[in-house]
Amino acid sequence: MNTALIKPQWSPLTITLMVIGFIVFWPLGLAVLGYILWGEKFGGSAEQAQRYWNKGCSFVRSNTKNTGFGRPNFATSSGNAAFDEYRAEQLKRLEEERARLDAEIDAFHEYMANLNKAKDREEFDRFMNDRRGNRQGYGDSNTSQDNWGNNNG
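Residues numbered from 1 in each chain as written. Predicted model: local features only at pLDDT ≥ 70, side-chain atom pairs only at ≥ 80, totals over all residues. Heavy atoms only, no water.

A. Region of the structure containing the overall build of the chain. A tally of regular secondary structure across the chain gives five helices and zero strands. N-terminal to C-terminal, the α/β element order of the chain is α-α-α-α-α. The 153 residues of the chain split such that 9% are buried. Within the structure as shown, the chain displays about 13,600 Å² of accessible surface, and the carbon and sulfur contribution to it stands at 58%. (Helix = DSSP H or I, 4+ residues; strand = E, 2+ residues; numbered from the N terminus. Buried < 20%, exposed > 50% of the residue type's maximum accessible area, 1.4 Å probe, protein only. Areas by Shrake-Rupley, 256 points an atom, 1.4 Å probe, with all protein chains shown as cover.)

Here it is as C-alpha cells:
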C-alpha cells in the first residue's frame, strides 16, 4: 500500500513543487525531479531504496576491479612469466611506435606552419607590389624629388 501524499508522477502538483524548488534552492528542485523520475523504483520505502542503491554500487564495484573505470591494469602479473615478458615487449614496442608517430605529427605541423608562413609572405608581397604600383612616385626617389622640388608652374 502506497501512502505517499505526493506520488512520483508528472502532475501539476509535482511540477509546481519542482519549479518552486529550483527557484528557492536548485538542489531541492533537482531532488524533486529525481523523485518524479525514479520514485517508483524505490517503491516508497527506505529498505527498497537502500537495496536498489546497494545493487547499483555492487554492479560498479564488480565491473571496475580496482583498476579505474574499465581501464585494464597492465602493472599486475598474469602469473605466467613468458606471457608477462611478451606483454612487456609489446608494450615497449607500442610506446616506441607512439613516440615515432608523435614525432612525425610534430614534424608535419612544423612543415604546415612553414608552408602557411611562406604562403602568407607571398600574398603579402603581392599585395604590397600591387599597392606600390597603384601609387605614383612611391619608392622612386628621383621622381618624387622632382615632383615636389619643381614648383615653377
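Okay, back to it.
B. Quick look at helix α4 (residues 81-134). Compared with an ideal rise of 1.5 Å per residue, which puts 54 residues at 80 Å, α4 spans 79 Å between its outermost C-alpha atoms and is within 8% of the ideal. Of all the positions in α4, only D84, R87 and M128 are classed as buried. The opening residue of α4 is N80, an N-cap whose side-chain oxygen sits 3.1 Å from the backbone nitrogen of A82. (Expected span 1.5 Å × (residues − 1). Polar contact = N/O pair within 3.5 Å; in protein donor to acceptor, adjacent residues only side chain to side chain.)

C. Here's a closer look at helix α1 (residues 12-24). Over its 13 residues, α1 extends 18 Å from the first C-alpha to the last, a length consistent with the 18 Å expected when each residue adds 1.5 Å. Within the sequence span of α1, burial applies to T14, M18 and G21. Along the axis of α1, the buried residues cluster in a sector spanning 65°; they form a single face. Away from its buried face by more than 90 degrees, α1 exposes P12, I23 and V24. (Arc of directions from axis to C-beta.)

D. Focus on the UniProt feature "transmembrane region" (unreviewed entry) in the chain. In the numbering used here, UniProt assigns the feature "transmembrane region" (unreviewed entry) to residues 15-38. Helix makes up 96% of residues 15-38 and strand 0%. Its end C-alpha atoms lie 15 Å apart. (UniProt positions renumbered as here; feature names shortened; annotations may be inferred.)

E. Fine view of the confidence of the model for the chain. Scored by pLDDT, the chain comes out at a mean of 77, with 69% of its residues at no less than 70. By mean pLDDT, the top-scoring element of the chain is α4 (93), and the lowest-scoring one is helix α5 (residues 141-149) (53). (pLDDT = per-residue confidence, 0-100.)

F. Molecular detail of the environment of M18. In this fold, M18 is placed in helix α1. Sequence-wise, M18 and L28 are 10 residues apart; in three dimensions their C-alpha atoms are separated by 7.7 Å.

G. The arrangement of the pattern of salt bridges in detail. A complete count under the given rule lists six salt bridges for this structure. Between E122 and R126 there is a salt bridge, with its nearest N and O atoms 3.4 Å apart. You can see E122 and its partner R126 sitting in helix α4, four residues apart, about one turn around the helix. Linked by salt bridges that have partners in common, E97, R100 and E104 make up one network. (Salt bridge = Lys/Arg side-chain N within 4 Å of Asp/Glu carboxyl O.)

H. Looking closely at a nonpolar patch on the surface. Taken together, the side chains of W10, I15, V19, I20, I23, V24, F25, L28, L37 and W38 present a nonpolar region at the surface, about 1,000 Å² in accessible area. Where the nonpolar patch is concerned, the elements lending two or more residues are α1 and α2 (26-42). Ranked by residue count, the leading element in the nonpolar patch is α1, at five residues. (Patch = residues over 30% accessible without salt bridge, like charges linked within 9 Å, V, L, I, M, F, W, Y side chains within 5 Å.)

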